[in-house]
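Single-letter residue listing:
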Amino acid sequence: MSIDRIFLAFMVVCGIAAGAILIAAPESRDLRVTPYFWMIIAMALFEFANYARTRGAPGTVISIEARLLGLVIGVVLMVVLPIAAGSPGRLF
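Conventions used here
- Residue indices follow the written sequence of each chain, beginning from 1 at its first position.
- Whole-chain, interface and lining totals are the exception, using all residues; otherwise, since this is a predicted model, local features are given only for residues with pLDDT of at least 70 and side-chain atom pairs are given and counted only at 80 or more.
- Derived side-chain values reflect all non-hydrogen atoms in the structure, with water molecules and hydrogen atoms excluded from consideration.
- What makes a salt bridge here is a side-chain nitrogen of Lys or Arg within 4 Å of a carboxyl oxygen of Asp or Glu, nothing more.
- A run of H or I in DSSP counts as a helix once it spans at least four residues, and a run of E counts as a strand once it spans at least two, with each numbered from the N terminus.
- Only protein chains enter the accessibility calculation, which uses a 1.4 Å probe. A residue is then buried if its area is under 20% of the maximum for its type, exposed if over 50%, and partly exposed in between.
- The criterion for an aromatic pair is that two Phe, Tyr or Trp rings (for Trp, the six-membered ring) have centres within 6.5 Å, with stacked assigned to planes under 30 degrees apart, edge-to-face to planes over 60 apart and tilted to the rest.
- Nonpolar side chains (Val, Leu, Ile, Met, Phe, Trp, Tyr) are joined into patches within 5 Å and like charges within 9 Å, using only residues with over 30% relative accessible area and no salt bridge.
- Here, Shrake-Rupley sampling with a 1.4 Å probe gives the accessible areas, and only protein chains in the shown set may cover a residue.
- Polar contact is defined as a pair of N or O atoms within 3.5 Å, subject to the rule that within protein one atom must be able to donate a hydrogen and the other to accept it, and that residues adjacent in sequence are counted only when both atoms are side-chain atoms.
- Contact criterion: two residues are considered in contact whenever any of their non-hydrogen atoms come within 4.5 Å of each other.
- The definition of a nonpolar core used throughout is a set of buried Ala, Val, Leu, Ile, Met, Phe, Trp, Tyr and Cys residues joined through side-chain atoms within 4.5 Å.

Caption draft 1: A look at the pattern of salt bridges. In this structure the tally under the stated criterion is 1 salt bridge. Between Glu 47 and Arg 67 there is a salt bridge whose closest N-O contact spans 3.2 Å. A residue pair is termed long-range when its members are at least 10 positions apart, and Glu 47 in helix α2 (residues 35–54) and Arg 67 in helix α3 (residues 64–85) qualify at 20 residues. Among the residues examined, Arg 67 registers a relative accessible area of 26% and is labelled partly exposed.

Caption draft 2: Focus on the packing of aromatic side chains. In total, this model carries 2 aromatic pairs according to the counting rule given. Measuring from centroid to centroid gives 5.2 Å for Phe 7 and Phe 46, while their planes differ by 55°, and the two rings are tilted. Highlighted residues: Phe 7 in helix α1 (residues 3–24) and Phe 46 in helix α2, separated in sequence by 39 residues. Phe 46 carries the same exposure label as Phe 7, and that label is buried. What links up through ring pairs into an aromatic cluster is the set Phe 7, Phe 10 and Phe 46.

Caption draft 3: Broad picture of a nonpolar patch on the surface. Among the surface-exposed residues, Val 33, Phe 37, Ile 40, Ile 41 and Leu 45 lie close enough to one another that they form a single nonpolar patch of about 460 Å² accessible area. Within the fold, Val 33 resides in the loop between α1 and α2. A relative accessible area of 37% means that Val 33 is categorised as partly exposed.

Caption draft 4: Inspection of the side chain of Asn 50 at higher detail. Of note, Asn 50 is situated in helix α2. Residue classification places Asn 50 among the buried residues on the basis of a relative accessible area of 5%. There is a polar contact of 2.8 Å between the side chain of Asn 50 and the backbone oxygen of Thr 60. If sequence neighbours within four positions are ignored, Asn 50 has contacts with Ile 3, Thr 60, Val 61 and Ile 62.

Caption draft 5: Region of interest: the nonpolar core. Ranked by size, the top nonpolar core spans 14 residues in total, and within it Phe 7, Met 11, Ala 18, Met 39, Phe 46, Ile 62 and Met 78 carry the most contacts. Contributions of two or more residues to this core are made by α1, α2 and α3. The dominant element in this core, judged by the number of residues it contributes, is α1, at 6 residues. Setting aside residues up to four positions removed in sequence, Phe 46 forms contacts with Ile 3, Ile 6, Phe 7, Phe 10 and Ile 62.

Following this line, the structure appears as structure tokens:
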């Protein structure tokens, strides 16, 4: 399995986790670090872990297309899950 597919699966899990947090605690939207930055922080942590694991070897980085798709998937899941659950609170 390529690192891009692992990254996309990781972002799906992060999107579901963030959506679940927003369903369980809608007031978490008002924290100092907004939920959209949660996705970016998760991406950075995965990137750092991948870099540390492979020691920066050429050909082991995540492609820019996978990064963009991962961010979109994570944010969409984070927004859609609370809407589907009928969670109170604002979206943005």
